[in-house]
Amino acid sequence: MGRKFFVGGNWKCNGTTEEVKKIVTTLNEAEVPSEDVVEVVVSPPFVFLPFVKSLLRSDFQVAAQNCWVRKGGAFTGEISAEMLVNLGVPWVILGHSERRALLNETNEFVGDKVAYALSQGIKVIACVGETLEQRESGSTVAIVAAQTKAIADKVSNWAHIVLAYEPVWAIGTGKVATPAQAQEVHLELRKWLHDNAGAEVAASTRIIYGGSVNGANCKELAAQPDVDGFLVGGASLKPEFIDIIKAATVKKNV
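The rules behind the values
All chains use their own residue numbering, which begins from 1 and follows the written sequence. Side-chain atom pairs in this predicted model are given and counted only at pLDDT of 80 or more, local residue features only at pLDDT of at least 70, and totals for whole chains, interfaces and linings cover all residues. The basis for every side-chain value is the complete set of heavy atoms in the structure, and neither hydrogens nor water enter the calculation. UniProt positions are given in the numbering used here, feature names are shortened, and annotations may be inferred rather than shown by experiment. In this description a helix means any DSSP run of H or I spanning at least four residues, a strand means any run of E spanning at least two, and both kinds are numbered starting from the N terminus. Helix span, as expected, comes to 1.5 Å for every residue beyond the first. Relative accessible area decides the class of each residue, using a 1.4 Å probe on protein chains only: under 20% of the type maximum gives buried, over 50% gives exposed, and in between gives partly exposed. Here an angle of 0 to 180 degrees is reported between the N-to-C directions of two axes, which are lines fitted to C-alpha atoms, with helices fitted over the stretch in contact. For this classification, under 35 degrees means roughly parallel, over 145 means roughly antiparallel, 65 to 115 means roughly perpendicular, and everything else is oblique. Helix crossings get a hand from a simple test, with the near helix turned counterclockwise from the far one by less than a right angle marking a left-handed crossing and a clockwise turn marking a right-handed one. Residue contacts are defined here by distance: any two heavy atoms, one from each residue, within 4.5 Å place the two residues in contact. Under the convention adopted here, Pro, Cys and the residues Ala, Val, Leu, Ile, Met, Phe, Trp and Tyr are nonpolar, Asp, Glu, Lys and Arg are charged, and Gly plus all remaining residues are polar. In this description, strands pair whenever DSSP reports at least two bridges between them. For salt bridges, the criterion is a side-chain nitrogen of Lys or Arg within 4 Å of an Asp or Glu carboxyl oxygen. Cysteine sulfur atoms that pair up within 2.5 Å are treated as a disulfide.

The chain goes by Triosephosphate isomerase in an unreviewed UniProt entry, where it is assigned to Castanea mollissima. Under the Sequence similarities (unreviewed entry) heading, UniProt states for the chain: "Belongs to the triosephosphate isomerase family."

Quick look at the structure:
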């Protein structure tokens, strides 16, 4: 059984009601490969989650952009996994580099978040990735392995985790890891999973790429054997997101 191609759209902190309506209309009218070929998940800001879920076509799902590390309570401004379950939100993005960098989320904290979300029945897009400084010093593999280990230390079942490799130096910068660079890190991550979580986990876990993915570069990236999809930022707000979803067909021809 091959790994089903996965395309996530991270809308980040963007959108008004009108803009969100437009984006959803574009998605709803798009002709894309069937659910058998590609899994599509879009991640609007919290305040728009129920709105998007109510309008969005049934073969696309929604994800929250974050959730709290444990059960709700006196945590002002946070959203609990239980609330997401209550709203019927099936996915959450955790450990995004912006949260690691801007809000100082540690590897261990992200690992705890992933474990808690999974315990509540929410599927997780877990993000890992290195900074430019770390890449240039040759520590890419060590960094992404440490970030992945912090998740593996808390999680035994990987069935509901998608691992997103997002080189921090390529997010929103217009710089893209070359297909060869992306493949190299994805392969190393798969080897790490093989050695530390088992052959079955390594073979079945989807490792997706994020970092300035667009309509022009998506097919070449999708053709890499260990790239199982994308987590798309800015381009997910534009019509070219449809082209990125269609890149899934590259896998059928490889």
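Compared with an ideal rise of 1.5 Å per residue, which puts 19 residues at 27 Å, helix 8 (residues 179-197) spans 26 Å between its outermost C-alpha atoms and is within 8% of the ideal. Of all the residues in helix 8, the buried ones are Pro 179, Ala 182, Gln 183, Val 185, His 186, Leu 189, Arg 190, Trp 192 and Leu 193.

Our next topic: the packing of helix 7 (residues 140-152) against helix 8. Their axes nearest at 10 Å, the elements helix 7 and helix 8 cross at an angle of 40 degrees. Between helix 7 and helix 8, the interaxial angle falls into the category oblique. The crossing of helix 7 and helix 8 is right-handed. Residues Thr 140, Val 141, Val 144, Ala 145, Thr 148, Lys 149 and Ala 152 of helix 7 touch helix 8, and the partners they reach there are Val 185, Glu 188, Leu 189, Trp 192 and Leu 193. Of the residues contributing to the contact of helix 7 with helix 8, the split by class is eight nonpolar, two polar and two charged.

This next bit is on the pairing of strand 8 (residues 229-232). Neither face of strand 8 is exposed, since Gly 229 and Leu 231 on one face and Phe 230 and Val 232 on the opposite face are all buried. Relative to strand 8, strand 1 (residues 5-10) runs parallel, the two sharing four bridges. Counterpart to Gly 9 in the pairing with strand 8 is Val 232.

Applying the stated rule across the entire model yields 14 salt bridges. Its salt-bridge partner being Lys 191, residue Glu 188 comes within 3.7 Å of it at the nearest N-O pair. Here Glu 188 and its partner Lys 191 are both found in helix 8, three residues apart, which amounts to about one turn of the helix. Several salt bridges converge on common partners, so that one network encompasses Arg 3, Arg 190, Asp 226 and Asp 228.

Turning our eyes to something else, we now look at the pairing of strand 2 (residues 38-43). Of all six residues that make up strand 2, six are buried, and the element is covered over most of its length. Side-chain alternation along strand 2 places Val 38, Val 40 and Val 42 on one buried face and Glu 39, Val 41 and Ser 43 on a second face that is also buried. In this sheet, strand 2 lies alongside strand 1 in parallel orientation, the contact comprising six bridges. The partner of Phe 5 across the bridge, within strand 2, is Val 38.

Enumeration according to the criterion identifies zero disulfides in this entry. Counting only cysteine sulfurs, Cys 127 is the nearest neighbor of Cys 67, a cysteine outside any disulfide, at a range of 13 Å. Looking at the unpaired Cys 218, the closest cysteine sulfur is the one in Cys 127, lying at 19 Å.

A word on unusual backbone geometry. If you check the backbone angles, Asn 104 has positive phi at about 55 degrees while not being a glycine. On the secondary structure map, Asn 104 appears in the loop between helix 4 (97-102) and helix 5 (107-119). Exposure remark for Asn 104: the relative accessible area of 62% places this residue in the exposed category. For Ser 212, which is not glycine, the phi dihedral falls at a positive 55 degrees. Mapped onto the secondary structure, Ser 212 falls in the loop between strand 7 (207-209) and helix 10 (218-222).

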